[in-house]
Amino acid sequence: MKTVYYSTLFLTSRDRRDHVFLQSIIVLYNSVYNSRGNAKWVNSEVDSDLLVIGKDTDTNVLTFIPNNVRVILSLSSEFRHEDCHIIYIDTPLKVTNLIDKFKAAEDILVQFSNQPSSNNVLLNNSKKLKLLQWPAAEIIAKNTAYPILSALLSKRPMGVEELVSLSKKPEAFCRRFVDLIVNAGFAEYITIISTDSSITQSSDHINGDTSSKRSLLDRIRSRLGLFWN
Amino acid sequence: MGAGKTTAIAVVSEIEPMSTDVMNTDNSVDKEKTTVAFDYGEVSLSESERLRIYGTPGQDRFSFMWKVLSKGALGVVILVDDSKPDPFKELSIYLENFSQLIEETACVVCISKTDKNNMTRVNEFASYLAAQGVVCPVVPADVREKQEVLFVLELLLTQLYA
């Protein structure tokens, strides 16, 4: 890997000191370590594959993380994002620690870029949330939408994005709920490996069946006066 | 038996539920009548479509009806009477007999005749279900209250979107 495109778009003004320190280390890294076969780090807010998250970054930014971001360097130990590989950086920032993290990020990005794709089969490692048990009543009672989210998860594992899509609830809301049930031990993340060929089979037929089923469910719910929102 | 199936159907059905009740001859249960065959209620979705709601007999000796009524069902609500001496034993019978329907469609375990504020009790049912390999909504409800029965149906239908 020759170049890592990184974004600091979500660093806030409160992260300014860390931002400046980070940028100076990147300059050092590019000038001193580049000759040792490491990648060159280039700031790009448009098309980055690595994102830097500050200690004070608002979790609502999760909604705006581009799909091409594969690795996140996080100065916040509480930050979570299931679709990216997160490397946590201790603060206060230290040069040697940062450089180790840069190298780790490069290794991960190289792995992503080296993933084999032969015979039209792509391996899609996706993390899904699996409900282990109906969540405790104390959790369910916290919000009227939590039983709905739990009911959706009870049938099969699914990613947070799908949960958002099905429930029509904001992503930040769903992620807070997910963190709650995972931390309480009622759910866990599992990795599902699927091949591209399995995804494409009879997609038109499946979509048609799903659509008519959902139409029926919508009519039933409408007739009974049931509304999620 | 006695969990409230007939009552639950009555609160949501558009028609007067057809009930196949007979005099109860089981002295262990303080009930005048009990369901044999099934209860039937319906909700019209359009001129040609109806949502049919069946309440199956709760006694083990009528279990032959369960398979018949399960065919083509969207899901099952298992109504558990928490005032019984061993509700978990009855629950296990339903989980076993409806295992295929539960797996293939949707299920809600509705606990009746319980203290709805006793969260520990609800959690016990959830833990029991998980130990049996079943993860589904577990909710306490007073089936005489239409909104509570509708909430149970809401959770049942929600699963079918997944």
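Along each chain, residues carry numbers from 1 onward, in the same order as the chain's sequence is written. Here every chain gets a letter starting at A, and every ligand a number starting at 1, in the order they are written. Local features in this predicted model are restricted to residues of pLDDT 70 or higher, and side-chain atom pairs are both shown and tallied only at a pLDDT of 80 or more, whereas totals for entire chains, interfaces and linings draw on every residue. Side-chain figures throughout are based on the complete set of non-hydrogen atoms in the structure, without hydrogens or water.

1. So, the sheet that holds strand E4 (residues 76-81) of chain B
Residues and elements named next belong to chain B. Reading across from one edge, E4-E5-E6 is the order of the three strands in this open sheet, with parallel pairing throughout. Each having just a single partner strand, E4 and strand E6 (138-140) make up the two edges of the open sheet. When strand polarity is set aside, the average angle formed by the axes of neighbouring strands in this sheet is 25°. Two strands make a pair as long as DSSP finds a minimum of two bridges between them. Under the DSSP-based scheme used, a helix requires at least four consecutive residues in state H or I and a strand at least two consecutive residues in state E, with every element numbered from the N terminus. Relative to E6, strand E5 (residues 107-112) runs parallel, the two sharing three bridges. Looking at E6, one finds that Val109 is bridged to Val138. Any two residues whose heavy atoms approach within 4.5 Å are treated as being in contact. What counts as an axis is a line fitted to C-alpha atoms, over the stretch in contact for a helix, and the angles between N-to-C directions run from 0 to 180 degrees. Set on the sheet, helix H5 (residues 119-131) makes contact with E4, E5 and E6; between it and E6 the angle comes to about 155°. In the packing of helix H6 (residues 146-159) onto the sheet, contacts are made with E4, E5 and E6, and the angle to E5 comes to roughly 160°.

2. Description of helix H1 (residues 5-12) of chain B
Summary of the burial criterion: residues with accessible area below 20% of their type's maximum are buried, those above 50% are exposed, and those between are partly exposed, where the area comes from a 1.4 Å probe applied to protein chains only. Residues Ala8(B), Ile9(B), Val11(B) and Val12(B) constitute the buried set of H1(B). Around the axis of H1(B), the buried residues are gathered within 160° of arc, so they sit on the same side. What the arc describes is the spread of directions from the helix axis to the C-beta atoms.

3. Details of the packing of helix H4 (residues 146-155) of chain A against H6(B)
Where H4(A) meets H6(B), the axes come as close as 8 Å, and the angle between the chain directions of the two elements is 40°. Taken together, H4(A) and H6(B) sit at an angle that is classed as oblique. The hand of the H4(A)/H6(B) crossing is right-handed. On H6(B), the residues that touch Pro147(A), Ile148(A), Ala151(A), Leu152(A), Ser154(A) and Lys155(A) of H4(A) are Phe151(B), Glu154(B), Leu155(B), Thr158(B) and Gln159(B). Residues are grouped as follows: Ala, Val, Leu, Ile, Met, Phe, Trp, Tyr, Cys and Pro are nonpolar; Asp, Glu, Lys and Arg are charged; all remaining types, including Gly, are polar. Of the residues assigned to the contact of H4(A) with H6(B), the class counts are six nonpolar, three polar and two charged. Oblique is the label for every angle not falling under 35 degrees (roughly parallel), over 145 degrees (roughly antiparallel), or within 65 to 115 degrees (roughly perpendicular). Handedness of a helix crossing follows the sense of rotation of the near helix relative to the far helix, less than a right angle counterclockwise being left-handed and clockwise being right-handed.

4. Points about the interface of chain A and chain B
Facing the 30 residues of chain A at the interface are 32 residues of chain B. Only one rule defines a salt bridge in this text: a Lys or Arg side-chain nitrogen within 4 Å of an Asp or Glu carboxyl oxygen. At the junction of chain A with chain B, the criterion picks out three salt bridges. Between Arg219(A) and Glu49(B) there is a salt bridge, and its shortest N-O distance comes to 2.6 Å. For this analysis, a polar contact is any N or O atom pair within 3.5 Å, provided that within protein one partner can donate a hydrogen and the other can accept it, and provided that sequence-adjacent residues contribute only side-chain to side-chain pairs. Counting across the interface, chain A meets chain B through 13 residue pairs in polar contact (both at pLDDT 80 or more).

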